Amino acid sequence: MSVTRYDSANAYAKAALTLMAERNVIPSPDNFELFYSYAAGGNPAATRIMGDLIAARAKFTPEILADLRNRFFHTGHAQEAAEQISGNVLGAMDLALGTLQAAGRHTLAYGKTLSDASGELVTDQSPDDLRKLVDGLLAATHSMEDRTKELEGELQRSSHEVSELKTKLDSVRKESLTDPLTGIANRKALDIELAQAIEQAREDGEPLCVLMCDIDHFKKFNDTWGHQTGDQVLRLVAHCLSENVKGRDTAARYGGEEFAVILRQTPLAAAVNLANQIRTNVESKKLMKKSTGDVLGTITISGGAAELRPDDAAATLLHRADECLYAAKNSGRNCIVDQDHTVCEPQAAA
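These notes cover the structure that comes with them. Keep in mind it's a predicted model, so treat the numbers as computed, not measured.

## Observations concerning the overall build of the protein chain
Regarding its fold elements, the protein chain presents 11 helices and 8 strands. Within the protein chain, the proportion of its 350 residues that are buried is 40%. The contacts in the protein chain between residues at least 6 apart in sequence include a share of 66% that link residues at least 24 apart.

## Some remarks on the pairing of strand β2 (residues 250-255)
Most of β2 sits inside the fold, with 5 of its 6 residues counted as buried. Note: β2 against strand β3 (residues 258-264), 5 bridges, orientation antiparallel. Its bridge partner being in β3, Ala-251 is matched across the sheet by Val-261. Between β2 and β3, which pair antiparallel in sequence order, lie 2 residues; one of them, Gly-256, sits at a positive phi of approximately 60°.

## Points about the sheet that holds β2
Ordered in space as β2-β3-β1-β6-β7-β8, the 6 strands form an open sheet in which the pairing is mixed. Either end of the sheet is taken by a strand with one partner, and the two such strands are β2 and β8 (343-344). Two elements, strand β7 (residues 336-338) and β8, share 2 bridges in a ladder whose sense is antiparallel. For Val-337, the partnering residue across the bridge sits in β8 and is Val-343. On the sheet, helix α7 (residues 187-204) packs against β1 (208-215), β2 and β3 and is oriented at approximately 25° with respect to β3. Sheet strands in contact with helix α10 (residues 268-284) are β1, β3, β6 (301-307), β7 and β8, and its direction is about 165° off that of β6.

## Points about the layout of surface pockets
A volume near 200 Å³ is recorded for the second largest pocket. Taken together, 13 residues make up the lining of the second largest pocket; nearest its centre are Asp-216, His-217, Phe-221, Thr-298 and Ile-299. Top element by residues in the lining of the second largest pocket is helix α8 (residues 218-225). It accounts for 5 residues.

## A word on the packing of α8 against helix α9 (residues 227-244)
Put simply, α8 and α9 touch, their axes get as near as 7 Å, and they point 140° apart. Regarding the angle of α8 to α9, the classification is oblique. Along the contact surface, α8 presents Phe-218, Phe-221, Asn-222 and Trp-225, while α9 presents His-227, Thr-229, Gly-230, Val-233 and Leu-234. Each residue belonging to the contact of α8 with α9 can be placed in one class, and the counts come to 5 nonpolar, 4 polar and no charged.

## Points about a negative patch on the surface
On the surface, Glu-199, Glu-203, Asp-204 and Glu-206 cluster together into a patch of negative charge. Assignment of secondary structure puts Asp-204 in helix α7.

## Description of the side chain of Thr-300
By secondary structure assignment, the location of Thr-300 is in the loop between β5 (295-297) and β6. A polar contact of 2.7 Å, which involves the side chain of Thr-300, links it to the side chain of Asp-216. Other than its neighbours up to four places away in sequence, Thr-300 contacts Asp-214, Ile-215, Asp-216, Glu-283 and Asn-334.

## Regarding the pattern of salt bridges
All chains considered together, the criterion is met by 8 salt bridges. The partner of Lys-246 in a salt bridge is Asp-249, with the nearest N and O atoms 3.4 Å apart. On the basis of relative accessible area, Lys-246 is assigned to the partly exposed category, the value being 39%. A salt bridge links Arg-279 to Glu-283; its shortest N-O distance comes to 3.8 Å. Of the two residues, Arg-279 and Glu-283 are both situated in helix α10; the distance of 4 residues between them amounts to about one turn of the helix. Judged by relative accessible area, Arg-279 falls into the buried class, the value being 7%. The partly exposed category is assigned to Glu-283, whose relative accessible area is 31%. Several salt bridges share partner residues, and in doing so they unite Asp-214, Asp-216 and Lys-329 into one network.

Rules behind the numbers
Residues numbered from 1 in each chain as written. Predicted model: local features only at pLDDT ≥ 70, side-chain atom pairs only at ≥ 80, totals over all residues. Heavy atoms only, no water. Helix = DSSP H or I, 4+ residues; strand = E, 2+ residues; numbered from the N terminus. Buried < 20%, exposed > 50% of the residue type's maximum accessible area, 1.4 Å probe, protein only. Contact = heavy atoms within 4.5 Å. Pairing = 2+ DSSP bridges. Axes fitted to C-alpha atoms, helices over the stretch in contact; angles between N-to-C directions. 1 Å grid on protein atoms, 1.4 Å probe; cavity = no way out; pocket = protein on both sides within 12 Å on 5 of 7 lines; lining within 4 Å. Points joined across faces, edges and corners; volume = space filled by probe spheres on them. Parallel < 35°, antiparallel > 145°, perpendicular 65-115°, else oblique. Nonpolar A, V, L, I, M, F, W, Y, C, P; charged D, E, K, R; others polar. Patch = residues over 30% accessible without salt bridge, like charges linked within 9 Å, V, L, I, M, F, W, Y side chains within 5 Å. Areas by Shrake-Rupley, 256 points an atom, 1.4 Å probe, with all protein chains shown as cover. Salt bridge = Lys/Arg side-chain N within 4 Å of Asp/Glu carboxyl O. Lys, Arg positive; Asp, Glu negative; His and termini not counted. Charge placed at Lys NZ, Arg CZ, Asp CG, Glu CD. Polar contact = N/O pair within 3.5 Å; in protein donor to acceptor, adjacent residues only side chain to side chain.

Worth remembering: the numbers are spatial, not functional.
Rendered as structure tokens:
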């Protein structure tokens with residue numbers, strides 16, 4: 001973490017604790033997460049609602065605090081839901097296994113009946129005894145047919161239930177990896193994708209780059225136009241990122257107004273060019289206030305680009321891209337800086 005980021009985090013933590021003391025909120029880890037996010041502006045929707053409550057001098061009751069956590073910090077709840085559905089899947093599979101085991105026992109019993117009948121057929125039997133034997137075989141066969149039909153129905157129901165639960169589980173897992181405001185990948189998804197991308201890049205000997213992007217003067221914009229318009233800005237930037245990345249790449253909201261992009265099979269020069277493409281795309285958008293139709297101006301972003309090195313871990317690659325981002329901020333913003341700390345201009349079209 002850079003010194004600038006450490007100072008910012010320290011300031012946010014102090015502001016959160018001060019505000020919690022002023023509002024008589026118990027400084028538990030869960031409550032601290034809420035107020036730290038408010039101080040840092042990490043979740044604009046939650047920040048807006050908490051700001052309204054603070055402005056109205058409303059009391060942060062345990063019920064209100066729990067509702068805020070449930071609505072805006074739901075990763076843990078998504079994990080609980082996933083675990084519950086997984087348990088239901090296992091339960092359905094256990095039921096199906098029990099059905100199969102019972103069917104196996106029934107099949108063994110039927111086989112023994114046939115075997116016993118075969119033994120009796122080799123001995124002299126009276127017509128009445130043969131009739132009884134045949135009647136017994138017919139009854140056992142009908143019972144086996146009925147049991148087979150029951151088994152088919154039970155297995156179909158179990159299969160349908162497992163399929164429905166799997167669909168729900170996939171939905172919950174997708175939700176846990178998606179940023180609710182922008183609809184792109186969240187930090188957790190980024191960490192998973194980056195670990196996989198690094199492993200694949202090393203196996204294939206292909207280049208891999210990471211871009212870190214940050215909205216310029218976002219806090220000032222929020223303070224001027226309000227958090228609802230700030231949410232619109234975040235969605236706009238996320239849309240620009242999604243428009244410009246390929247299917248194998250990943251655009252994610254890293255936190256607050258900061259975004260990251262994983263670029264597989266992409267060397268540094270191409271990554272920088274793409275970063276400038278995204279930057280100019282964002283700058284070309286005219287932002288309008290939905291409630292009034294007023295043009296609010298343009299948004300700009302700064303970015304840093306870093307390429308995977310042989311000794312890199314995910315954390316060091318992200319850290320280097322983050323340092324490049326802060327170098328871009330210090331270079332006047334609305335520009336891209338690569339890991340050689342070169343301020344990169346867009347390449348001219350051939």
